[in-house]
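# Observations on chain architecture
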Amino acid sequence: SPAEVSFGELTICASGVMRESDIEKLSREITLRNTGDVPLNIEAIIKPGGSKSTVHIVAPASSPFVLNPGAIQNVMVAMTTPIDSSIDHVVASIEFTIRRPDSVCSPEVLTIPLSARIKRLKYEFLQDSVSALVNCAAQPVKLYATLRNEGNSSTIFRLSLDGSPSFSIVDSLAEITLAPGQ
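In this text the structure is predicted, and so the values were computed from the model without any measurement.

A separate point is the nonpolar core. Among the nonpolar cores identified, the biggest contains 28 residues, and Leu10, Ile30, Met79, Ile94 and Phe96 are the most heavily contacted of them. Counting residues per element, the ones that place at least two in this core are β1 (5-12), β2 (27-33), β3 (40-47), β5 (65-67), β6 (72-79), β7 (89-99) and β8 (108-120). Sequence-distant contacts of Ile30, defined by excluding residues within four places in its chain, comprise Ser1, Pro2, Val5, Gln73, Asn74, Val75, Val77, Ile94, Phe96 and Ile112.

Take a look at the structure:
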């Protein structure tokens, strides 16, 4: 169990990596239980596989493995970042080939679909930094920065200003929500 594994919607930064606070969303557990009376040899592979696959088996460390009668084996699958910018939906499967050691039955294949929707955050600072040289006798100076959301979902920007208490953010906006294209 489960019969299907969904990672849901994953928010990925423009660089293809995931925010540190969301890393736990990258892994899922599948539980295999041997309800029979003979040990089972189980081989697990991800399809499509290969070095470009975004989904990998992370536990158990080796495959095939033996699942004894009455035993449970948890299989951990995880998505790896960075995720290529061309990927907006992940569709894969984990395939378990189950063999009895006595070869009485033909091998069984259990396929569990894996999926995820990728939501990319793309934003651009149109100015690398905001700075000015101001002397004590100068009149107040206003500096401007422009934010643009080039992603496909609304993005919340939390604004802060570090440094001297003499500086402040005009209009006291602590947070700005930008819709896509805004």
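What follows is about the environment of Asp102. Here Asp102 is to be found in the loop between β7 and β8. Its relative accessible area of 38% is what places Asp102 among the partly exposed residues. Within the structure, the side chain of Asp102 is placed 2.8 Å from the side chain of Arg100, a separation counted as a polar contact.

With respect to the secondary-structure elements, Asp37 resides in the loop between β2 and β3. For Asp37, a relative accessible area of 66% translates into the label exposed. Separated by 33 residues in sequence, Asp37 and Gly70 place their C-alpha atoms 7.7 Å apart.

Applying the stated rule across the entire model yields 4 salt bridges. Here Lys119 and Glu9 are joined by a salt bridge, their closest N and O atoms 3.8 Å apart. On the criterion of sequence distance, the pair formed by Lys119 in strand β8 and Glu9 in strand β1 is long-range, its members being 110 residues apart. The exposure class assigned to Glu9 is partly exposed, which follows from its relative accessible area of 42%. With a closest N to O distance of 3.3 Å, Glu95 and Lys47 form a salt bridge. Taken together, the residues span a long stretch of sequence, with Glu95 in strand β7 and Lys47 in strand β3 at a distance of 48 residues. With relative accessibility at 16%, the residue Glu95 sits in the buried group.

Take Ile156: it is sitting in strand β11 (residues 155-158). Sequence separation between Ile156 and Glu175 is 19 residues; the distance between their C-alpha atoms is 6.7 Å. Those residues in contact with Ile156, other than ones at most four positions away along the chain, are Glu175, Ile176 and Thr177.

Hydrogen bonding along the main chain pairs the strands of a sheet, whether they run parallel or antiparallel. If you trace the 3 strands from one edge of the open sheet to the other, you get β2-β6-β4, paired in antiparallel fashion. Of all strands in the sheet, those bounded by a partner on one side alone are β2 and β4 (55-59). Here the strands of the sheet are splayed against their neighbours by 30 degrees on average, with no regard to which way each runs.

Definitions and cut-offs
Residues numbered from 1 in each chain as written. Predicted model: local features only at pLDDT ≥ 70, side-chain atom pairs only at ≥ 80, totals over all residues. Heavy atoms only, no water. Core = buried A, V, L, I, M, F, W, Y, C linked by side-chain atoms within 4.5 Å. Buried < 20%, exposed > 50% of the residue type's maximum accessible area, 1.4 Å probe, protein only. Helix = DSSP H or I, 4+ residues; strand = E, 2+ residues; numbered from the N terminus. Contact = heavy atoms within 4.5 Å. Polar contact = N/O pair within 3.5 Å; in protein donor to acceptor, adjacent residues only side chain to side chain. Salt bridge = Lys/Arg side-chain N within 4 Å of Asp/Glu carboxyl O. Pairing = 2+ DSSP bridges. Axes fitted to C-alpha atoms, helices over the stretch in contact; angles between N-to-C directions.

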